[in-house]
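# Observations on the model geometry
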Amino acid sequence: MQSAPNRRSALDRPATDPSPIFENFRGMHASELLTAAVAHFDLFGRLQQGSLDFQSLRLALQLEERPAVVLLTALKAMGLLQELDGQVSLTDLAAEHLVPGGPFDCGDYVGLAAQTPGVLTMVRLLKTNRPLGSDEGEEGGAAFIYRDGMKSAMEAEDSARHFTLALAGRAKNVAPYLADAVSMQDAKLLLDVGGGTGIYSHALLQKNPNLQAIVFDRPQVLKIADQMTQEYGVADRCQLVSGDMFADPLPEGADVILLSNILHDWDKPECQLLVNRCAAALPPGGRLLIHDVFLNDALDGPLPIALYSASLFSFTEGRAYSGAEYREMLETAGLTPQPIQPTLVHCGVLAGVK
């Protein structure tokens, strides 16, 4: 599709797939999690005597559920742990090379990184189950969290602008693929909850000339969205509404609601609450679109998404979820899940129909 004069196109595709850039960027978390497991939690030594179920292993490591899922998912994706019939055990690779004192043990080598800043930070996050910036006195505040009593960087104009535009670096690559993956032929109004710059809405609006959209987000974020609607030439069809997606009434009238890379910022109870709120706002036949990354249903990979989950865990109160976990959320809210359609940079879109 050709761009109109003086209007940016949200439908132009990159000539190359940027996924390897994101994989390499998040690769540091593999070293952090592996070193934490070896040198700080003695995870492989604990499993030397035999397998444990998830809850028993979590309690032995003194971890809450979310950090335990992040850590164990990554180690399973690395081929170091396996889970059969609910029991977590060592793979042959881990049993030979990571059990302390074994003839071919290389754990001490991995442990050389035990006191590096990145590893120590990851260990602290795993033990406390709190994201960076959430503790009192930490400068800047939590990057993507809004919660009473917690300072949020997204409430300050400069930091909100920085983080919103940073996230758009991925979104502008993925948006044209989302627009092609989702049919809006019969849709009239799209509600983009937590829409940020609105780039996904802009792509869908440019792809579907008869569509209207509402971008719903925090006031500081919508300042950037307002600028973007002008640049993409969709200001006449894109309304900007400020509010709290967990507390304020959602704008009415949408037959399609989009949650693009939103749910992974939150723990399961908050995810279910938000999915329930969106489902309640839809008319019969309406669709909720979850656009996100998806772990395997067995929570054993893929490794790039397991490492992205560690990144999410570090900065938010969430993690990556599996397709099965998202389908359960949709079904609990009374929606019928549809097959996942891939987009780009490990993302896909899962629709739930009311």
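Here is what the cut-offs are and how they apply
Residues numbered from 1 in each chain as written. Predicted model: local features only at pLDDT ≥ 70, side-chain atom pairs only at ≥ 80, totals over all residues. Heavy atoms only, no water. Phe/Tyr/Trp six-rings, centres within 6.5 Å; stacked < 30°, edge-to-face > 60°. Lys NZ or Arg CZ within 6 Å of the ring centre and 35° of its normal. Domains from an automatic or database assignment. Contact = heavy atoms within 4.5 Å. Buried area = accessible area lost by both parts, 1.4 Å probe. Salt bridge = Lys/Arg side-chain N within 4 Å of Asp/Glu carboxyl O. Polar contact = N/O pair within 3.5 Å; in protein donor to acceptor, adjacent residues only side chain to side chain. Helix = DSSP H or I, 4+ residues; strand = E, 2+ residues; numbered from the N terminus.

The name recorded for the chain in an unreviewed UniProt entry is Methyltransferase, from Blastopirellula sediminis.

## Remarks on the packing of aromatic side chains
The relation between two aromatic rings is expressed through the spacing of the ring centres and the mutual angle of the planes. Counting across every chain of the model gives 3 aromatic pairs. Between the NZ or CZ atom of Arg26 and the centre of the ring of Tyr308, over which it lies, the distance is 3.7 Å. Cation over ring: Lys127 sits above Phe41, and NZ or CZ is 5.9 Å from the ring centre.

## Looking at the domain arrangement of the chain
Each assigned domain of the chain is listed with its residue range as follows: domain 1 (19–128) and domain 2 (153–299 + 325–353). Its C-alpha centre places domain 1 at a distance of 34 Å from the equivalent point of domain 2. At the junction of the two partners, domain 1 supplies 8 residues and domain 2 supplies 7 residues. In total, domain 1 and domain 2 occlude about 700 Å² of area from one another, counting both sides; carbon and sulfur atoms represent 57% of this. A per-residue breakdown of the area domain 1 buries against domain 2 is headed by Ser19, Phe22 and Thr73, which together make up 50% of the total. For the interface between domain 1 and domain 2, the tally reads 0 salt bridges. The interface formed by domain 1 and domain 2 contains 3 residue pairs in polar contact (both at pLDDT 80 or more). Those elements that provide at least two residues to the side of domain 1 that touches domain 2 are helix H1 (19–26) and helix H5 (65–77).

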